[in-house]
Amino acid sequence: KQEFQVRLFNARGQFLKESPAEITLTGTGEITKEGEFTAAKEVAHTTTAITAKVGELSGKARLRTIPPLPWKFDFEGLKDPPATWVGARYRHVMRKVDGSDAMVKITTIPKGMRRRLSMGQSDLHDYTIQGDFKAGKLNNKVPDFGLIGQGYTFFIEGAIQRMQIQSWQAHDKRSFVAQKFTLVPETWYTLKLRAENSNNKAVLRAKIWKRGEKEPTDWTLELVDSQPNTVGSPGLYGDATNAEIFIDNIAVTPNE
């Protein structure tokens, strides 16, 4: 549930009073005339718009409704990326890839080819995220791609043939581990990242294997951070500057 209040302001932005309003809803869930919203009972990632009207004035609130873990996204039947994912639309399109619907990070957008997207609330922790990725190839160049868990990124750097787990990739290399990895373009891989809080530290474990092959028993990389990120939204990382990135079968599960 979430309660909403309608507040009126003057032209200078000064608060005047709270007010009754005509309230309408577009999307899932229900709302009372007093402004109490109740999410739909079905377990689904949904969006809702609430519009309040007082005379000729109107205001709108947007909501994302996100169920508890586990989550699974296979993109089948979707025309757009999930609406609850922040940073997904505009940079990604849905396309039929190798016989199934997949999400594709494209190279033709003017900005945002090297960006992250988040899937849920920022206070999640102690979970595992997994997904299938395929690197496109354009002019003999390949992209970077990976998973985000609890503020850490496990990603493949196609151009320099390396994989790593890193915290605060943009400006802080205080906490990372890396290893050489030979990426084969136009080949599906499964990536898996597990984030765990233990003894005031964050323990990150990651592995990669070719999709369809048996999952390796051992983790490929492990990072123990004594200055941990203890919470963070699951997400995806991709740099499509060089070529497109194909994404499918994303799953987020609580650690056992």
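Residues numbered from 1 in each chain as written. Predicted model: local features only at pLDDT ≥ 70, side-chain atom pairs only at ≥ 80, totals over all residues. Heavy atoms only, no water.

A. Structural view of the sheet that holds strand β21 (residues 235-239). Taken in spatial order, the six strands of this open sheet run β12-β21-β14-β15-β16-β17, and their pairing is antiparallel. Since the sheet does not close on itself, it has two edges, and those belong to β12 (114-118) and β17 (176-180), each with one partner. Here the strands of the sheet are splayed against their neighbours by 15° on average, with no regard to which way each runs. Pairing between strand β15 (residues 152-157) and strand β16 (residues 162-167): six bridges, direction antiparallel. Among the inter-strand pairings, Tyr152 is bridged to a residue of β16, identified as Ser167. (Pairing = 2+ DSSP bridges. Helix = DSSP H or I, 4+ residues; strand = E, 2+ residues; numbered from the N terminus. Axes fitted to C-alpha atoms, helices over the stretch in contact; angles between N-to-C directions.)

B. Main features of the packing of aromatic side chains. The tally for this structure, following the rule as stated, stands at six aromatic pairs. Taking 5.7 Å as the distance between ring centres and 65° as the angle between the ring planes, the aromatic pair formed by Phe9 and Phe15 counts as edge-to-face. Arranged with centres 5.6 Å apart and planes meeting at 70°, the rings of Phe181 and Tyr189 form a pair that is edge-to-face. Across the pair, Tyr189 and Phe181 agree in class, each one buried. (Phe/Tyr/Trp six-rings, centres within 6.5 Å; stacked < 30°, edge-to-face > 60°. Buried < 20%, exposed > 50% of the residue type's maximum accessible area, 1.4 Å probe, protein only.)

C. Spatial organisation of the nonpolar core. Ranked by size, the top nonpolar core spans 41 residues in total, and within it Trp85, Met119, Phe154, Ile156, Leu191 and Leu236 carry the most contacts. Ranked by size, the runner-up nonpolar core spans eight residues in total, among them Val104, Ile106, Met113 and Trp188. (Core = buried A, V, L, I, M, F, W, Y, C linked by side-chain atoms within 4.5 Å.)

D. Spatial organisation of the sheet that holds strand β1 (residues 2-3). Here three strands make up an open sheet; going across it, the order is β1-β6-β5 and the pairing antiparallel. Each edge of the open sheet carries a strand with a single partner, namely β1 and β5 (30-31). Pairing analysis gives two bridges linking β1 to strand β6 (residues 36-38), with the strands arranged antiparallel. Looking across to β6, one finds that Glu3 is bridged to Glu36.

E. Fine view of the environment of Arg64. Tracing the sequence through the fold places Arg64 in strand β8 (residues 57-65). For the pair Arg64 and Asp248, spaced 184 residues apart in the sequence, the C-alpha separation amounts to 22 Å. The residues touching Arg64, leaving out its near neighbours within four places in the chain, are Thr46, Thr47, Thr84, Val86, Met119 and Gly120. Of the polar contacts made by the side chain of Arg64, one reaches the backbone oxygen of Thr84; its length is 2.6 Å. (Contact = heavy atoms within 4.5 Å. Polar contact = N/O pair within 3.5 Å; in protein donor to acceptor, adjacent residues only side chain to side chain.)

F. Local environment of unusual backbone geometry. Note the cis peptide between Leu69 and Pro70, where omega equals 10°. Take Pro70: it is sitting in the loop between β8 and β9 (71-73). Positive phi, normally seen in glycine, also occurs at Asp126, with a value near 55°. Positionally, Asp126 belongs in the loop between β12 and β13 (127-135). One non-glycine residue, Asn249, lies in the positive phi region at around 55°. Its location among the elements puts Asn249 in strand β22 (residues 245-254). On the basis of relative accessible area, Asn249 is assigned to the partly exposed category, the value being 31%.

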